[in-house]
Each structure stands twice: as C-alpha cells, then as structure tokens.
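Fold and contact review
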Amino acid sequence: MPKSDLPTAAAAAFPGRRARTWLNGIGALLGLAGVVFVVLRLKGYAGEIDADRITPAGFLGLAALALVYGASNLLLALGWWRILLHLRVETTRGWALRTYATSQLAKYVPGNIFQFAGRQAIGVAAGIGNGPLAKSTALELAFLIGGGVLFSPLVLPLFVGHAAGGTAAAAAAVFVALTLLAIWLAARLGGPALGAAARRYMAFLAVSGIVFAATYRIAGGELSGSLVLPVAGAYVLAWLAGLVTPGAPAGIGVREAVLLFLLGGIGSPPVILLAVVIGRAVTVLGDLVFYLMGGALGRRSLNG
C-alpha cells in the first residue's frame, strides 16, 4: 500500500491540505468544547461525593487506567479501518488512526452524533464518497451495539447469587461462547476484514469494562474475584445505554442511572457515584491521550 497521507484511491480527488487542516481543527475544537462540558458536569458531582476516599496510590492507579483506556481506543480506530477495507475503501492505517482520533473527541458535544459527523466530513474532504462512510458508521454502530448486548449474561450474578463463584463462572462461560459465535458469524458472513473488526470492537468493550471495575475498586467498592466480570459487564451495558440515547453527550446522565441500578445490590450510592465520577475523568483523560497518540502513531505509520 502506498505510504500516502490520504486514502490511496482518492488522493487525486483531494481538494487540498488547507481543507483538511480546517476540518481537523473544527473536529478538535468540537472535542475540546465537549471536554469543557464534561468538566462542568464533574464539578457538579464534586460537592456530593467525598473524594478523600481515594489514596495517593489510587490516584496513580487512575492515571495508569487513563493510559490503558486511551490505548484501547486504538482498537476502535483499527476496527473502523477494517470496515473501510471491507467496503473497498483503500485507506492507509495512519490516515484512519488520525481521522478517528481527531473526530472521537467530538462525542462530548451535546447531540451524541458529532464524532460521526466529523469523521464523515474528514472522509469526504479526503475524497471518499458519502455512501461508504455512512455504511462504515452503520456497521460500527452495529458491532458496538451487538457487542454490548453480548455482555448481558455477565450481570446476572449481580441479581442471582453473586456471592457464589459458580454463578459468575457460568455467566462468563455463556459470554465467551456467545462472543466466539458472534465473531465467527461476522467473519463467515462478511469476510476476514469484518471478522477482524468484530474482534477489535469486542476487545475494546472488554478493556473498558475491566478499567471501570478497577476504578470501582479504587473508589472503595467491594470487588471480589467473582464480581470483577459482573461489574465490568454492568459498565458495558451502561455505556451501551448512553450510546443509544439521543442527545446525551458521551452518555452523560444515562450511564450513571444504569450503573446505580445494576450495582445497587453490591455497593452504596456514594461509592457507585464516586466510581462513576472518577471513571468519567479516566475516560476523558484517556480520550485526550488517544487524540495525541492517534496523531503520533498515524504519522509514524505513514513514515515507517
């Protein structure tokens, strides 16, 4: 594949670097505006929650979790790249990483659609047709929504016998079986590129859930070995509810309500809310890390 800064099939149609610079700048500004919005919401929580529960070691752990979450976003970008290849849109991996990292910040802007709109605009400016870009968004949402639903069995121990390791093990076995079946079906029906995309989206969701489970523990929540996967599954389902709720930037408000419901049987509301608040901080910081990481890796991919 040619080492071009643009999709190889569309480089000749690209209108110019200035347009791309403006589009990337607009996407970044939208994302930064969204971060400001999230910070203001987090300040609202600050008066209700005792942050003294977090130890200095806990703050170091949260910084590490932000880096892990930021790196996991690369799985989303690579999944989208695989979808584009499935749709016969020949792009470089570097272009896909930078485009995804730039547009992803816009998910914090009220409306919950600007990350997709930004990616569409950057792609069209690069010479890709509206049709394939829209299809890539639809396929990505299908993978994320379908993948999120697959985590449902993991939360059953939260309501039925969560103290028994056998219940959690059975739920995990069902989850693994369903996940393997879904990935096999994606590859069987859509080809190797979609199979690869499915693996990356499922991996991202799993990492996100584990990151929140660790955040919940740092916030002071009980997290025995049998509860790690149920708490992770609860987060993924809450994230999914925020994703499909129109107008909720990055699922703000929706995610909190779902987690309070799902985790209410194992933790107190103050602990759950503290976990949600610092979890928000972790994901916001992680997204900023991904923005910087995506640009750097994109340039390295193009030059390497």
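Just so we're clear, the structure is a prediction, and the values are computed from it rather than from any experiment. (Residues numbered from 1 in each chain as written. Predicted model: local features only at pLDDT ≥ 70, side-chain atom pairs only at ≥ 80, totals over all residues. Heavy atoms only, no water.)

1. Description of the overall build of the protein chain
Assigned secondary structure in the protein chain consists of ten helices and zero strands. In sequence order, the protein chain lays out its α and β elements as α-α-α-α-α-α-α-α-α-α. Long-range contacts, defined here as pairs at least 24 residues apart, represent 76% of the contacts in the protein chain between residues at least 6 apart. (Helix = DSSP H or I, 4+ residues; strand = E, 2+ residues; numbered from the N terminus. Contact = heavy atoms within 4.5 Å.)

2. Regarding the environment of V271
If you trace the backbone, V271 turns up in helix α10 (residues 269–303). Setting aside residues up to four positions removed in sequence, V271 forms contacts with R53, Y216, A219, G220 and G221.

3. Details of helix α5 (residues 130–149)
Taking 1.5 Å of rise per residue, 20 residues should cover 28 Å, and α5 covers 29 Å from first to last C-alpha, within 8% of that figure. Here α5 has its buried residues at L133, S136, T137, E140, F143, L144, G147 and G148. Down the axis of α5, the sector holding all buried residues measures 125 degrees, keeping them to one side. (Expected span 1.5 Å × (residues − 1). Buried < 20%, exposed > 50% of the residue type's maximum accessible area, 1.4 Å probe, protein only. Arc of directions from axis to C-beta.)

4. Regarding the packing of helix α3 (residues 93–104) against helix α4 (residues 114–125)
As a packed pair, α3 and α4 sit with axes 8 Å apart at the nearest point and diverge in direction by 140 degrees. In terms of orientation, α3 and α4 fall into the oblique class. The two elements α3 and α4 cross, and the hand of that crossing is right-handed. Where α3 abuts α4, its residues W95, T99, Y100, T102, S103 and Q104 lie against Q115, G118, R119, I122 and G123. (Axes fitted to C-alpha atoms, helices over the stretch in contact; angles between N-to-C directions. Parallel < 35°, antiparallel > 145°, perpendicular 65-115°, else oblique. Left-handed = near helix turned anticlockwise from the far one by under 90°.)

5. What to know about the nonpolar core
With 67 residues, the main nonpolar core has Y216, L259 and L263 as its most contacted residues. Mapped onto this core, the elements with two or more residues apiece are α2 (56–86), α3, α5, α6 (165–190), α7 (192–218), α8 (228–243), α9 (254–262) and α10. (Core = buried A, V, L, I, M, F, W, Y, C linked by side-chain atoms within 4.5 Å.)

6. Considering the confidence of the model for the protein chain
Caution applies to low-pLDDT regions: their predicted coordinates should not be interpreted in detail. Summing up the model confidence of the protein chain, the mean pLDDT is 80 and the portion of residues at 70 or higher is 75%. The lowest-confidence element of the protein chain is helix α1 (residues 17–46), averaging 55 in pLDDT; the highest-confidence one is α7, averaging 95. Taken together, the stretch residues 1–6 has pLDDT below 50 and engages in 20 contacts with residues farther than four places along the chain or on a different chain. Here residues 8–16 scores under 50 on pLDDT; set against residues more than four positions off or in separate chains, the count is 16 contacts. (pLDDT = per-residue confidence, 0-100.)

7. Structural notes on the packing of α7 against α8
Their axes nearest at 8 Å, the elements α7 and α8 cross at an angle of 115 degrees. By crossing handedness, the relation of α7 to α8 is classed as right-handed. Within the contact between the two elements, α7 uses F204, L205, S208, G209, I210, F212, A213 and Y216 and α8 uses V228, L229, V231, A232, Y235, V236 and W239. Here the contact of α7 with α8 is built from residues that sort into 13 nonpolar, two polar and no charged. (Nonpolar A, V, L, I, M, F, W, Y, C, P; charged D, E, K, R; others polar.)

8. Considerations on the side chain of Q120
Summarising the element assignment, Q120 is placed in helix α4. Non-local contacts of Q120, meaning those with residues more than four positions away in its chain, are made with N130, L133 and A134.

9. Re the environment of L62
If you trace the backbone, L62 turns up in helix α2. The spacing of L62 and A214 is 152 residues in sequence and 8.6 Å in space, taken between C-alpha atoms. Ignoring any residue separated from it by four or fewer positions in sequence, one finds L62 in contact with I54, T215, I218, I278 and V282.

10. A short note on the packing of aromatic side chains
The final tally for this structure, using the stated rule, is nine aromatic pairs. Between the aromatic rings of Y100 and F290, the centroid separation amounts to 6.4 Å while the plane-to-plane angle is 65 degrees, which identifies the pairing as edge-to-face. Taken as a pair, Y100 in helix α3 and F290 in helix α10 lie far apart in primary sequence, 190 residues in all. The residues Y100 and F290 share a single accessibility class, namely buried. A centroid spacing of 6.0 Å and a plane angle of 40 degrees characterise the contact between F159 and F261, whose relative ring orientation is tilted. Taken together, the residues span a long stretch of sequence, with F159 in the loop between α5 and α6 and F261 in helix α9 at a distance of 102 residues. Judged by its relative accessible area of 47%, F159 is partly exposed. (Phe/Tyr/Trp six-rings, centres within 6.5 Å; stacked < 30°, edge-to-face > 60°.)

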